Amino acid sequence: MDLITVSEAAKELGISREAVYKAIREGRLKAVNILGKIGIEREALKDYHPEEVRIKAGKKRAAQKRRARSRR
């Protein structure tokens, strides 16, 4: 089992540490807690695709902007 830190995972995925923590909380990225420290299996990074999340978030923001403009 090859574990890496949240910071290392964020760097490899090209996302923020906060985004990694959010992915873990939402169950989209598998992690383990060892003595209060979070470890992420390097293999789990291969199954995680942050681009999909970014696309969904972008579409959601675009829809919110459209709704806000239509209320004016």
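Remember, predicted model here, so these are calculated numbers, not experimental data.

The rules we used
- Counting restarts for each chain: residues are numbered from 1 in the order of the written sequence.
- Residue-level local features of this predicted model are given only where pLDDT is at least 70; pairs of side-chain atoms are given and counted only at 80 or more, and the full residue set underlies all totals for whole chains, interfaces and linings.
- As a convention, hydrogens and water are excluded, and side-chain values are obtained from all of the structure's heavy atoms.
- Every helix listed is a DSSP run of H or I at least four residues long, and every strand listed is a run of E at least two residues long, numbered separately from the N terminus.
- Classification of residues uses two cut-offs on accessible area relative to the type maximum, computed with a 1.4 Å probe and protein chains only: under 20% is buried, over 50% is exposed, and between them is partly exposed.
- The contact rule is simple, with two residues in contact once any of their heavy atoms fall within 4.5 Å.
- Computed by Shrake-Rupley with a 1.4 Å probe, the accessible areas treat only the displayed protein chains as cover when residues are assessed.
- Strand pairing follows a simple DSSP-based rule, namely that at least 2 bridges must link the two strands.
- Whenever Lys or Arg places a side-chain nitrogen within 4 Å of a carboxyl oxygen from Asp or Glu, that contact is recorded as a salt bridge.

### Some remarks on the overall build of the protein chain
Working step 1: Across its full length, the protein chain carries four helices and three strands.
Working step 2: Secondary structure elements in the protein chain, listed N-terminal to C-terminal, are β-α-α-β-β-α-α.
Working step 3: Taking all 72 residues of the protein chain together, 24% fall into the buried category.
Working step 4: If you take every contact in the protein chain between residues at least 6 apart in sequence, the share linking residues at least 24 apart comes to 51%.
Working step 5: Accessible surface, the protein chain: about 5700 Å² in total, of which carbon and sulfur atoms supply 51%.

### So, the sheet that holds strand β3 (residues 37–41)
Two pairing modes exist for strands in a sheet, parallel and antiparallel, and in both the strands are linked by backbone hydrogen bonds.
Working step 1: Strand order in the open sheet formed by three strands is β1-β3-β2, and the pairing between neighbours is antiparallel. Lying at the two open borders of the sheet, with one neighbouring strand each, are β1 (3–4) and β2 (32–34).

### Examining the pattern of salt bridges
Working step 1: Considering all chains together, one arrives at five salt bridges under this definition.
Working step 2: Across the pair R42 and D2 runs a salt bridge, and its minimum N-O distance is 2.8 Å. In this pair, R42 is assigned in helix α3 (residues 42–47) and D2 in the segment before β1, connecting sequence segments 40 residues apart.
Working step 3: Notably, a salt bridge pairs E43 with K46, separated by 3.1 Å at the nearest N-O pair. On the criterion of helical spacing, the pair formed by E43 and K46 is a turn pair, its members being three residues apart in helix α3.
Working step 4: Residue classification places K46 among the exposed positions, given a relative accessible area of 56%.
Working step 5: What emerges from the salt-bridge pattern is a single network uniting D2, E12 and R42.

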